[in-house]
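# Geometric and topological summary
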Amino acid sequence: MDALLSTLRDNDLIVAFALVGAVVAVSVVISKVLTRGKFQASAIAIIIGLVLAYFGGVATGGEDGLADLTLFSGVGLMGGGMLVNLAIVATGFGASFDEMKKSGLGGIIALVLGVVLSFVIGAVIAWFFGYRDPVELTTIGAGTATYIVGPVTGAALGAGSGVIALSVGAGLVKSVLTMVVTPFIAKSIGLNNPRSAIVFGGLLGTTSGVTAGLAATDKRLVPYGAMTSTFYTGLGLLMAPSVLYFAVRALVG
Amino acid sequence: MVILGVALLSGSLLIGTFIGNLLGDVLGVDANVGGVGIAMILLILSTNMLARHGRLKPETSSGISFWSAMYIPIVVAMAATQNVVGAVTAGPVALVAGLVAVIISFALVPVLARVKTPGVDEPVAVFAEEN
């Protein structure tokens with residue numbers, strides 16, 4: 001038993017490859033048998049991944065889902081920023097530069113509107129829940145943009161840790177929902193071409209949510225959504241603690 | 001050779017990330033601004049250029065396609081390392097804010113997808129149903 005555990009621990013990345021392969025295999029069966037191919041296997045695999053992350057989080061109380069269990073630490077390496085970015089860039093191989101140029105203006109509008117819109121929605125909802133302090137409203141609004149913008153903005157403005165945690169929560173909800181919901185409603189919002197994928201990436205902005213949601217919908221859309229969403233967090237970090245904070249203070253303070 | 005494709009991909013990512021970090025510094029934000037997007041443009045341009053000169057060998061391409069094909073499994077691993085407990089237990093404000101932001105953003109996709117870049121009239125390609 002000890003020998004088995006140490007084998008698994010010493011080969012954590014390999015364990016991750018095998019585990020994810022098993023998850024995908026199960027998803028293919030579920031997709032074919034239970035949904036008769038109606039739901040894509042990749043969408044099911046991503047949902048199983050999120051469920052595993054939930055159990056990992058409950059079991060350890062950590063923040064990295066399954067990767068907090070020592071045995072599955074390799075999943076953290078496989079799904080960590082370095083390999084994720086390498087694979088996203090690789091999906092750009094074969095993508096059309098012309099399509100990206102054609103959708104440039106819509107993408108830029110979507111990007112700016114996406115940041116402002118999520119921020120305003122987060123701040124307005126925080127207002128309805130009784131928050132009145134401009135710093136707190138700004139932090140929750142920023143977190144609704146992405147879970148990175150929230151805490152950075154909160155720290156810059158000196159928000160309390162409770163509000164910062166809330167802003168991370170809002171961003172996580174957005175990211176997880178985007179992963180789960182996108183494949184199911186892609187058709188009804190016309191998400192089947194490069195232009196709508198570019199707009200989608202700019203509006204939603206959560207890179208993990210956008211790229212996973214698009215991967216579950218149609219992998220060929222990933223590079224287009226990634227193209228805009230990769231600028232979203234930077235733009236959010238630029239606007240939230242400055243222009244958007246001043247706007248909130250002018251309105252509320 | 002396969003490694004040449006992988007190296008081209010890695011080089012694109014390194015340069016893109018570096019430029020993204022520089023851009024973040026210039027703008028005064030502690031983040032990578034568009035690094036992945038810039039890397040993707042570099043990869044698309046460099047592979048197109050190699051293909052035009054007939055220098056993009058199938059083995060070189062396969063070094064890139066492998067990582068492209070690994071994208072979904074890597075995303076599954078990424079999903080498995082999300083702080084899902086944090087999302088589920090974040091409290092009503094976070095849940096409602098995230099939910100409403102997603103609904104309204106989704107609703108705006110078809111509206112903004114109609115915006116065309118001036119001077120370009122051709123329709124965008126629509127992907128056929130994939131089985």
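Anyway, here's the lowdown on the structure attached to this text.

The rules behind each value
- Residues numbered from 1 in each chain as written.
- Chains lettered and ligands numbered in written order.
- Predicted model: local features only at pLDDT ≥ 70, side-chain atom pairs only at ≥ 80, totals over all residues.
- Helix = DSSP H or I, 4+ residues; strand = E, 2+ residues; numbered from the N terminus.
- Buried ≥ 20, exposed ≤ 12 C-beta atoms within 10 Å, placed from the backbone.
- Contact = placed C-beta atoms within 7 Å.
- Nonpolar A, V, L, I, M, F, W, Y, C, P; charged D, E, K, R; others polar.
- Axes fitted to C-alpha atoms, helices over the stretch in contact; angles between N-to-C directions.
- Parallel < 35°, antiparallel > 145°, perpendicular 65-115°, else oblique.
- Left-handed = near helix turned anticlockwise from the far one by under 90°.
- Expected span 1.5 Å × (residues − 1).
- Bend = angle between axes of the 7 residues up to and from the residue.

## Some points on the overall build of chain A
On a plain count of helices and strands, chain A comes out with 13 helices and 0 strands. Secondary structure elements in chain A, listed N-terminal to C-terminal, are α-α-α-α-α-α-α-α-α-α-α-α-α. Principal-axis analysis of the C-alpha atoms places the extent of chain A at approximately 60 × 45 × 30 Å. The proportion of buried residues among the 253 residues of chain A is 59%. Partitioning the contacts of chain A with sequence separation of at least 6, the portion at a separation of at least 24 is 64%.

## Here's the deal with the overall build of chain B
The helix and strand inventory of chain B stands at 6 helices and 0 strands. Reading chain B from its N terminus to its C terminus gives the helix and strand order α-α-α-α-α-α. Here chain B holds 131 residues, and 47% of them are scored as buried. Nonlocal contacts in chain B, meaning residues at least 24 apart in sequence, comprise 52% of its contacts between residues at least 6 apart.

## Structural notes on the interface of chain B and chain A
Listed by partner, the interface residues are 71 residues for chain B and 98 residues for chain A. Mapped onto the side of chain B that touches chain A, the elements with two or more residues apiece are α1 (2–27), α2 (35–52), α3 (58–69), α4 (71–80), α5 (84–88) and α6 (92–112) of chain B. In terms of residue count, α6(B) provides more of the side of chain B that touches chain A than any other element does, 17 residues in total. Per-class residue counts for the side of chain B that touches chain A are 52 nonpolar, 17 polar and 2 charged.

## Examining the packing of helix α2 (residues 12–34) of chain A against helix α3 (residues 41–60) of chain A
Residues and elements named next belong to chain A. Put simply, α2 and α3 touch, their axes get as near as 8 Å, and they point 125 degrees apart. Accordingly, the angle class assigned to the pair α2 and α3 is oblique. Between α2 and α3 the crossing geometry is right-handed. The residues of α3 that touch α2, namely those facing Val23, Val24, Ser27, Val28, Ile30 and Ser31, are Ala41, Ile44, Ala45, Ile48 and Gly49. When the residues that make up the contact of α2 with α3 are grouped by side-chain class, the tally is 8 nonpolar, 3 polar and no charged.

## Let's talk about helix α13 (residues 222–252) of chain A
Residue and element names in this part refer to chain A. Taking 1.5 Å of rise per residue, the 31 residues of α13 would be expected to cover 45 Å, yet its terminal C-alpha atoms sit only 39 Å apart, more than 12% below that figure. Of all the bends in α13, the largest measures some 50 degrees and sits at Ala240, one to four residues before the proline Pro241. Of all 31 residues that make up α13, 22 are buried, and the element is covered over most of its length.

## Brief notes about the packing of helix α5 (residues 81–91) of chain A against α4(B)
Interhelical geometry of α5(A) versus α4(B) gives an angle of 145 degrees and a closest axis separation of 9 Å. Crossing handedness for the pair α5(A) and α4(B): left-handed. Between α5(A) and α4(B), the contacting residues are Leu83(A), Val84(A), Ala87(A), Ile88(A), Ala90(A) and Thr91(A) on the first element and Tyr71(B), Ile74(B) and Met78(B) on the second. Grouping the amino acids of the contact of α5(A) with α4(B) by side-chain chemistry returns 8 nonpolar, 1 polar and no charged.

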